[in-house]
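Breakdown of the fold
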Amino acid sequence: MHEMSLMYEIIQLVSEDAKLRGFQKVKQIQVIVGDLSNVLPDALEWAFLYFCRERACLLNEESQLTIIREKAISQCQNCLFQFEPDYRIALCPKCNLLDGLIISGETFQVEFYEGSD
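Residues numbered from 1 in each chain as written. Predicted model: local features only at pLDDT ≥ 70, side-chain atom pairs only at ≥ 80, totals over all residues. Heavy atoms only, no water.

By the naming in an unreviewed UniProt entry, the protein goes by Hydrogenase maturation factor HypA and is assigned to Lysinibacillus sphaericus. Per UniProt, the protein carries the Sequence similarities (unreviewed entry) text "Belongs to the HypA/HybF family." (UniProt positions renumbered as here; feature names shortened; annotations may be inferred.)

On to the overall build of the protein. Within the protein one finds two helices and six strands. The order of helices and strands in the protein, counted from the N terminus, is α-β-α-β-β-β-β-β. In terms of overall size, the protein is more extended than a compact globule, its C-alpha atoms giving a radius of gyration of 18 Å where 117 residues would be expected to give roughly 13 Å. Taken along the three principal axes of its C-alpha coordinates, the protein extends 55 × 25 × 15 Å. Here the protein holds 117 residues, and the buried ones make up 38% of them. For the protein, long-range pairs separated by at least 24 residues make up 70% of all intrachain contacts whose partners lie at least 6 apart in sequence. Counting every atom, the protein has about 7,300 Å² of accessible surface; 49% of that belongs to carbon and sulfur. Distance between charge centroids for the protein: 4 Å, based on 10 positive and 18 negative side chains. (Helix = DSSP H or I, 4+ residues; strand = E, 2+ residues; numbered from the N terminus. Rg over C-alpha atoms; globule rule 2.2 N^0.38 Å. Buried < 20%, exposed > 50% of the residue type's maximum accessible area, 1.4 Å probe, protein only. Contact = heavy atoms within 4.5 Å. Areas by Shrake-Rupley, 256 points an atom, 1.4 Å probe, with all protein chains shown as cover. Lys, Arg positive; Asp, Glu negative; His and termini not counted. Charge placed at Lys NZ, Arg CZ, Asp CG, Glu CD.)

Summarising burial for strand S1 (residues 25-34): eight of the ten residues are buried, a large majority. Pairing between S1 and strand S6 (residues 108-116): eight bridges, direction antiparallel. Within S6, the position partnered with Gln30 by the bridge is Phe112. In this fold, the crossover linking S1 to strand S2 (residues 64-70) by way of helix H2 (residues 41-53) has right-handed handedness. (Pairing = 2+ DSSP bridges. Right-handed = clockwise from strand over helix to strand, strands pointing away.)

Our next topic: the nonpolar core. Grouped together as the largest cluster of nonpolar side chains are 20 residues, with contacts concentrated most on Met7, Val26, Ile29, Val31, Phe48, Phe51 and Leu59. Of all elements in the fold, only helix H1 (3-20), S1 and H2 reach the threshold of two or more residues within this core. When near neighbours in sequence (up to four residues on either side) are disregarded, Val31 contacts Ile10, Leu44, Leu65, Thr66, Ile67, Ile68, Phe108, Gln109, Val110 and Glu111. (Core = buried A, V, L, I, M, F, W, Y, C linked by side-chain atoms within 4.5 Å.)

In this structure, Gly22 sits in the loop between H1 and S1. Along the primary structure Gly22 and Asp117 are separated by 95 residues, whereas in three dimensions their C-alpha atoms are 7.1 Å apart.

Now for the sheet that holds strand S5 (residues 100-104). If you walk across this open sheet you meet the three strands as S4-S3-S5, and the pairing is antiparallel. What marks the edges here is a single partner per strand, and that holds for strand S4 (82-83) and S5. In this sheet, S5 lies alongside strand S3 (residues 73-76) in antiparallel orientation, the contact comprising four bridges. Residue pairing for S5: Cys76 is matched across the bridge by Gly100.

Below, the structure written as structure tokens:
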């Protein structure tokens, strides 16, 4: 499960920045996870809870994770119709061509975090 290593990297990066800003704890982390990002939100949340229990970096058992899901949307380059693809490559439901460009759903990023003294 690569979500464990992804969450550990997020926690390290957030904690380093929080220390630079003088925070003693990280209260909340908000992450955007796209449907096509190859990241499982449930596994990411499980990893976060594990690191909270272990008090990794600046986390504790009161720290919270918020996951914002980003819906996958493709736009057909032929007819410009926007649709929700099942996979990275999908037929346009309007013109039946494999000419879709993914315009959202691949994001995996920290949106913000909240720290405290």
